[in-house]
2 protein chains.
Amino acid sequence: LKETKKSALQQILDELHPYDVAQLYKGLPEKHHHKFITFLTPDQIADLIQELDHDMQIEILHKLGIERSSKVMDLMDNDDLADLLNELSVDKIQEFLDVMKKEDSQHIQSLMSYPADTAGGLMTNQFVWIHADQTVRQAVDKLKEYAHFSENIYYLYVINEEKQLVGVVSYRDLLIADMHEVIEDLMFNRVVSVHVDDDQEEVAQTIERYDFIAVPVVDNRNKLLGIITVDDAIDVFIKEANEDIEKLSASGKDIDFHTKATTAAVRRLPWLVLLLFIGLVSGSIISGFEETLEQVVALIFFMPMIAGMTGNTGTQSLAVVVRGIVTTNVDRKTAFKLILRELRVGIIIGITCGVLISLIAFLWQDQNMYLGFVVGVSLLVTLIVGTLAGTIIPLLLYRFGVDPAVASGPLITTLNDIFSLMIYFGIATAFLHQLVSL
Amino acid sequence: LKETKKSALQQILDELHPYDVAQLYKGLPEKHHHKFITFLTPDQIADLIQELDHDMQIEILHKLGIERSSKVMDLMDNDDLADLLNELSVDKIQEFLDVMKKEDSQHIQSLMSYPADTAGGLMTNQFVWIHADQTVRQAVDKLKEYAHFSENIYYLYVINEEKQLVGVVSYRDLLIADMHEVIEDLMFNRVVSVHVDDDQEEVAQTIERYDFIAVPVVDNRNKLLGIITVDDAIDVFIKEANEDIEKLSASGKDIDFHTKATTAAVRRLPWLVLLLFIGLVSGSIISGFEETLEQVVALIFFMPMIAGMTGNTGTQSLAVVVRGIVTTNVDRKTAFKLILRELRVGIIIGITCGVLISLIAFLWQDQNMYLGFVVGVSLLVTLIVGTLAGTIIPLLLYRFGVDPAVASGPLITTLNDIFSLMIYFGIATAFLHQLVSL
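Note that the structure is predicted; figures quoted are calculated from it, not measured. The residue count restarts for each chain, going from 1 along the sequence in the order it is written. Ligands are numbered from 1 and chains lettered from A, in the order in which they are written. It should be noted that, the model being predicted, local features are given only for residues of pLDDT at least 70 and side-chain atom pairs only at 80 or more, the latter also being counted only at that level, while totals for whole chains, interfaces and linings use all residues. With hydrogens and water excluded, all non-hydrogen atoms of the structure serve as input to the side-chain values.

1. A look at the overall build of chain A
Note the following rule: Here a strand is any run of E in DSSP of at least two residues, a helix any run of H or I of at least four, and the numbering for each starts at the N terminus. Only C-alpha atoms enter the radius of gyration, while the globule expectation follows 2.2 Å times N to the 0.38, with N the number of residues. Burial classification: accessible surface area is computed with a 1.4 Å probe over protein chains only, and a residue below 20% of its type maximum counts as buried, one above 50% as exposed, and the rest as partly exposed. Contacts are assigned to residue pairs that have any heavy atoms within 4.5 Å of one another. The method behind every accessible area is Shrake-Rupley, applied with a 1.4 Å probe, and residues are considered shielded solely by the protein chains displayed.
Looking only at helices and strands, one finds 22 helices and six strands in chain A. Here the C-alpha radius of gyration of chain A, 30 Å, is well above what a compact globule of 438 residues would show, namely 22 Å. Taking all 438 residues of chain A together, the buried fraction comes to 53%. Considering only residue pairs separated by 6 or more positions, chain A has 66% of its internal contacts joining residues 24 or more positions apart. Total accessible area on chain A stands at roughly 19,800 Å², and carbon and sulfur atoms take up 55% of it.

Written as structure tokens, this is what we have:
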């Protein structure tokens, strides 16, 4: 590349948003990655790195070498940097921390000590605070000083001598205030904050409910530790939605369009093998009713329909529970009300579908009245059981803190398969005499 | 209530965040709702109303009467108000618009003309704009003037004489600038904006990708029409996730913990009745293979396992597609790559599970070699077909713009039921001679 082109490129890169630079970088063939990076200033690399996934981040650090990497790391947001370092080996982490400024490395180490899915794991400690007795002018001067790292922040947090959170002022309040006004007179006292140990889901809910741009994070003594911004909350919502979908489909963690076939297969297989064995249980139930089946072969024709319907209604109930848990705090009363509601739903759809299938079975199978009765009653009972299973099983798992991924859609479907076959063939066997006599 | 208590309550309400006031309101028995509202100022009612769902909003308007309602409406955010009015009858809308200030009612009418799921439907036109040749002081003066309705906004948009969007300045930039500086020297020129007709999903993605607090909305001529704030983007992400879950579970629209049993049943029934008939198709396939079954009863024992596994792998693939569509733009190349990847996945899991079940069938059913072979090969083929069906069907629906809710999990499961039974009994019938001879 000629010098003029170089400077033209540099100018374009300078004006692009980090997301677009990252798209450009990802679009380049891998052999050009190194050259591309040499065009960027450390500042631009820091921005770029925050937009990439972990594999690509580590690739860049590798290309930069430890000296330039540490320069870039100094310019990264602390929370992103902590996440990145968490991906590296212990030796490598120490190597990077050693070349960092001492103050920075302490910050990073304290951030890395919080679990990734808590408020502590999400927060950044790059925020600007002020004391209540300072003036607007002092606040603005402080902002100017820290302007380079408070870009995404729109509130100024007010703390007392013990670093406890006592108030908040928005940039807008500062802008429309007079320079000599005291922060205390402007600030809002009833600050909503989250605790450093709070689950990331609660944090995201707080930001969503109150329409916040950021929320402060405090410890037990209300000491201000950091802030979490709304973009992190969005990431949490997307992640939680993906987890819900994993629950419903047992599709295994982290499979997207770019996952390799072998990786995707390995992640999906454990579930499938487990479900294969559960499926064999259904088979052995059927083999237990071999005599009934041999006498009334027509029973088999309705088997897929009954098993399928029970699975479907269970999945529908499961979806309601899985989504409800995201936005509602489920206490005993809520759970009980929900189970009662779903019982009613099960009865209504059970009666509707039961009557319908009775008529169909009666007309299809040589007007066999008893067959219509057996199939109809079975469907009624299995739909009620299936609906309740799809409600109660995930609620119990949630109640006992079991990883809710266990309550996956296919698991409910397969369990409902077993329930439905036992009910169907049980009822059929009870009425075997009448079924055969016609 | 005594006067002293009244004023104490009023003071508390004044300090609470609208979300908390709304929680309080929802927690009260319905007979106290009216009294509660009389405690609130129109400003507080406007805030409260924005936190409630449509049924409760309309209840409040009813209680307030047209005069006070219109006062409250004047204080609401325009985008929320437009959404609320959209729920009312045409007569009622006109009645409210008539008592509003003329300027307001024109704004509202223009907002109501955009479809709810587009940028136009999400945007508010309550934002503050400025010209590039004005100074920081003029900008701040303008902010002070409009402070009452620009609470959630953290950028100032810069427009030219034709109202075209030419730049953006953040409050932070204004704060740290000198009062006599000209906006043009501070502003950022390469503003990312969305088009008024853009789908709400694209808008939310833009905000997420660029970590924006708000994004401006423009028309074909780049004229600034409104802004969309990040809290609306979060709502879109939650809504989209719920829709994905509906797709996977066919659970019907808008069923949450508070939906009445009859309503929930009515919303879920159409799917179930449709799936009931599809389930009967499976039954009639089995009845077509009655002869094969009567000769080798053991085939029935593996039927639930094969049908179930095919359904499960299909759901897993479906989940990958449904989630992928949220974050990736699916073109022909991406779709083709994905289908190829899932084909490979199907082959890997097909071979693994096929070999496993061959051994199990061989050992379980009196060491019948041919039965092991038939069951194993059937599972291999059905898993490949199931994986492809779970990938291709939703992609095709997406491609042809069919409401993707049709590609629901239960539908894929039920279709895969039919495929798997045809393949399984087809292969078994082909090898019937060998199966019987042992």
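2. Quick word on helix H7 (residues 90-99) of chain B
Owing to its 3.6 residues per turn, the α-helix aligns residues three or four sequence positions apart on the same side. Residues and elements named next belong to chain B. Put simply, the rule reads: This arc corresponds to the set of directions leading from the helix axis out to the C-beta atoms.
All of the buried residues along H7 are Ile-93, Phe-96 and Leu-97. Projected down its long axis, H7 carries its buried residues within an arc of 100 degrees, all on one side. Seen from the open side of H7, the exposed residues pointing more than 90 degrees away from its buried face are Asp-91 and Asp-98.

3. Some points on unusual backbone geometry
A positive phi angle, near 55 degrees, is found at Asp211(A), a position not held by glycine. Within the secondary structure, Asp211(A) sits in the loop between helix H13 (200-209) and strand E5 (214-218). Overall, the relative accessible area of 30% leaves Asp211(A) in the partly exposed class. Of note, Asn222(B) is a non-glycine position whose phi angle comes to about 65 degrees, a positive value. Among the structural elements, Asn222(B) can be located in the loop between strand E5 (214-218) and strand E6 (224-229).

4. A few points about the pairing of E5(B)
Residue and element names in this part refer to chain B. Inclusion rule: A strand pair is defined by DSSP finding two or more bridges across the two strands.
Counting buried positions over the five residues of E5 gives five, a clear majority of the element. A two-sided burial pattern is seen for E5, the buried positions comprising Ala-214, Pro-216 and Val-218 on one face and Val-215 and Val-217 on the other. Here two bridges tie strand E4 (residues 194-195) to E5, and the two strands are oriented parallel to one another. Paired with Val-194 across the bridge in E5 is Val-217. Hairpin remark: E5 followed by E6, antiparallel, with five residues in the connecting loop; positive phi at Asn-222, about 65 degrees.

5. With respect to empty space enclosed by the protein
Test applied: Cavity means a closed set of points on a 1 Å grid over the protein atoms alone, one where a 1.4 Å probe fits but cannot get out, pocket means an open set with protein on both sides within 12 Å along at least 5 of 7 lines, and lining means a residue has an atom within 4 Å of a point. Grid points are joined across faces, edges and corners, and a volume is the space filled by probe spheres set on the points. In the scheme used here, Gly and all other residues not listed as nonpolar or charged are polar, with Ala, Val, Leu, Ile, Met, Phe, Trp, Tyr, Cys and Pro taken as nonpolar and Asp, Glu, Lys and Arg as charged.
All chains considered together, the criterion is met by four cavities of 30 Å³ or more. In this structure, the largest cavity occupies an estimated 480 Å³ of space. In terms of lining residues, the largest cavity is bounded by 37 residues, among which Gly308(A), Thr413(A), Asp417(A), Thr413(B) and Asp417(B) are the most central. If you list the elements that add at least two residues to the lining of the largest cavity, you get helix H15 (261-288), helix H18 (303-327) and helix H21 (409-430) of chain A together with helix H15 (261-288), helix H17 (298-327) and helix H20 (409-430) of chain B. Residue composition of the lining of the largest cavity, by class: 18 nonpolar, 17 polar and two charged.

6. Focus on the nonpolar core
Selection rule: For this analysis, a nonpolar core means a set of buried residues of the types Ala, Val, Leu, Ile, Met, Phe, Trp, Tyr and Cys, connected via side-chain atoms within 4.5 Å.
Ile60(A), Leu85(A), Ile228(A), Ile60(B), Leu85(B) and Ile228(B) are the most contacted members of the largest nonpolar core, which totals 129 residues. Listed in part, the 106 residues of the second largest apolar core include Ala264(A), Leu269(B), Ile325(B) and Leu383(B).

7. A short note on the interface of chain A and chain B
Short version of the rule: By convention, the term buried area covers the 1.4 Å-probe accessible surface removed from two parts as they join, with the contributions of both added. We count a salt bridge whenever a side-chain nitrogen from Lys or Arg sits within 4 Å of a carboxyl oxygen from Asp or Glu. Any pair of N or O atoms that falls within 3.5 Å is considered a polar contact. Within protein, one atom must be able to donate a hydrogen and the other to accept it, and sequence-neighbouring residues count only if both atoms are side-chain atoms.
At the junction of the two partners, chain A supplies 110 residues and chain B supplies 110 residues. Buried area between chain A and chain B, summed over both chains or domains, comes out near 9,900 Å², and the portion from carbon and sulfur atoms is 73%. The three residues of chain A that bury the most area against chain B are Arg172(A), Leu175(A) and Phe257(A), which together make up 9% of that side's buried surface. Here chain A is connected to chain B by two salt bridges. Put simply, Arg268(A) and Glu342(B) hold a salt bridge, and the shortest N to O gap is 2.9 Å. Our count for the chain A to chain B interface comes out at 14 residue pairs in polar contact (both at pLDDT 80 or more).

8. Some details on the packing of aromatic side chains
Condition: Paired rings are identified among Phe, Tyr and Trp, the last through its six-membered ring, by centres lying within 6.5 Å, and are further divided according to the angle between planes into stacked (under 30 degrees), edge-to-face (over 60) and tilted (the rest). The criterion for a charge sitting over a ring is simple: Lys NZ or Arg CZ within 6 Å of the ring centre, and within 35 degrees of the ring normal.
On inspection of all chains with the given rule, the structure shows 14 aromatic pairs over all chains. Ring centres of Phe373(A) and Phe431(A) lie 5.2 Å apart, and the angle between their planes is 75 degrees; this geometry places the pair in the edge-to-face category. Of this pair, Phe373(A) sits in helix H20 (residues 369-399) while Phe431(A) is found in the loop between H21 and helix H22 (432-437), placing the two residues 58 residues apart along the sequence. Take Phe373(A): its relative accessible area is 39%, and that puts it in the partly exposed class. Chaining the aromatic ring pairs together yields one cluster made of Tyr19(A), Tyr210(B) and Phe212(B). Above the face of the Trp129(A) ring, Lys142(A) is positioned so that its terminal group lies 3.4 Å from the ring centre.

9. Observations concerning the side chain of Thr334(A)
Tracing the chain through its elements places Thr334(A) in helix H19 (residues 332-364). Of the polar contacts made by the side chain of Thr334(A), one reaches the side chain of Asp331(A); its length is 2.4 Å. Setting aside its immediate chain neighbours within four residues, Thr334(A) contacts Asn329(A) and Phe257(B).

10. A word on the environment of Gly386(A)
All names here are of chain A. Turning to its location among the elements, Gly-386 is positioned in helix H20. Taking the C-alpha atoms as reference, Gly-386 lies 39 Å from Asp-231; in sequence the two are 155 residues apart. Setting aside anything within four residues of it in sequence, one finds Gly-386 in contact with Thr-310, Thr-313, Gly-314 and Asn-416.

11. Notes on the pattern of salt bridges
Under the counting rule described, the total for this entry stands at eight salt bridges over all chains. Linking Lys63(A) and Glu59(A) is a salt bridge whose minimum nitrogen-to-oxygen distance equals 3.0 Å. Separated by four residues within a single helix, Lys63(A) and Glu59(A) lie in helix H5 (residues 54-75), roughly one turn from each other. With a relative accessible area of 28%, Lys63(A) lands in the partly exposed category. Overlapping salt bridges bring together Arg268(A), Arg341(B) and Glu342(B) as one network.

12. Quick word on helix H5 (residues 54-75) of chain B
Residue and element names in this part refer to chain B. We apply this condition: Here, expected helix span is obtained from the residue count minus one, scaled by 1.5 Å. Two axes define the bend at a residue: one fitted to the seven residues ending there, one fitted to the seven starting there, and the bend is the angle between them.
Look at H5: only 17 Å from first C-alpha to last across 22 residues, short of the 32 Å you get at 1.5 Å a residue. Along H5, the sharpest change in direction is near 120 degrees and occurs at Gly-65. For H5, every residue scored as buried is listed here: Met-56, Gln-57, Glu-59, Ile-60, Leu-61, Leu-64, Ser-69, Ser-70, Val-72 and Met-73. Check the buried side of H5 and you find it contacts helix H2 (18-27), helix H3 (33-38), helix H4 (42-49), helix H6 (78-86) and H7.

13. What about the packing of H15(A) against H21(A)?
All names here are of chain A. Definition in use: Every axis corresponds to a line fitted to the C-alpha atoms, with the helix fit spanning only the stretch in contact, and the corresponding angles, defined between N-to-C directions, vary from 0 to 180 degrees. Roughly parallel refers to an angle under 35 degrees, roughly antiparallel to one over 145, roughly perpendicular to one between 65 and 115, and oblique to any angle outside these ranges.
H21 packs onto H15 with a crossing angle of 5 degrees between their chain directions and a minimal axis gap of 9 Å. Put simply, H15 runs roughly parallel to H21. Contacts between H15 and H21 involve Leu-275, Ile-278, Gly-279, Val-281, Ser-282, Ile-285 and Ile-286 from the first element and Pro-410, Leu-411, Thr-414, Asp-417, Ile-418, Leu-421, Met-422 and Phe-425 from the second.

14. Digging into the sheet that holds strand E1 (residues 129-131) of chain A
All names here are of chain A. Strands sit in the order E1-E2-E3 across an open sheet of three strands; the sheet is mixed. Each of the sheet's edge strands pairs with one partner strand only, and the pair in question is E1 and strand E3 (165-170). Taken over all neighbouring pairs, the strand axes of this sheet differ in orientation by 35 degrees on average, direction set aside. Of the strand pairs in this sheet, E1 and strand E2 (residues 155-159) are connected by three bridges, and their pairing is parallel. Of the residues in E2, the one forming a bridge with Ile-130 is Val-158. Taken strand by strand, helix H10 (residues 136-145) contacts E1 and E2, and its axis lies near 155 degrees from that of E1.

15. Details of the domain arrangement of chain A
The line we're drawing: The split of the chain into domains comes from an automatic or database domain assignment.
For chain A, the assigned domains read domain 1 (3-113), domain 2 (129-239) and domain 3 (261-437). Between the C-alpha centres of domain 1 of chain A and domain 3 of chain A there is a distance of 52 Å.

16. Topic: the sheet that holds strand E3 (residues 165-170) of chain B
All names here are of chain B. On the basis of which strands lie adjacent, the open sheet formed by three strands has the order E1-E2-E3 and mixed pairing. Pairing within the sheet leaves two strands with one partner each, and these edge strands are strand E1 (129-131) and E3. Between one strand and the next, the sheet's axes are offset by a mean angle of 35 degrees, whatever the strand orientation. Sheet analysis places strand E2 (residues 155-159) next to E3, joined by five bridges and oriented antiparallel. By the bridge assignment, Tyr-155 is partnered in E3 with Ser-170. Set on the sheet, helix H10 (residues 136-146) makes contact with E1 and E2; between it and E1 the angle comes to about 155 degrees.

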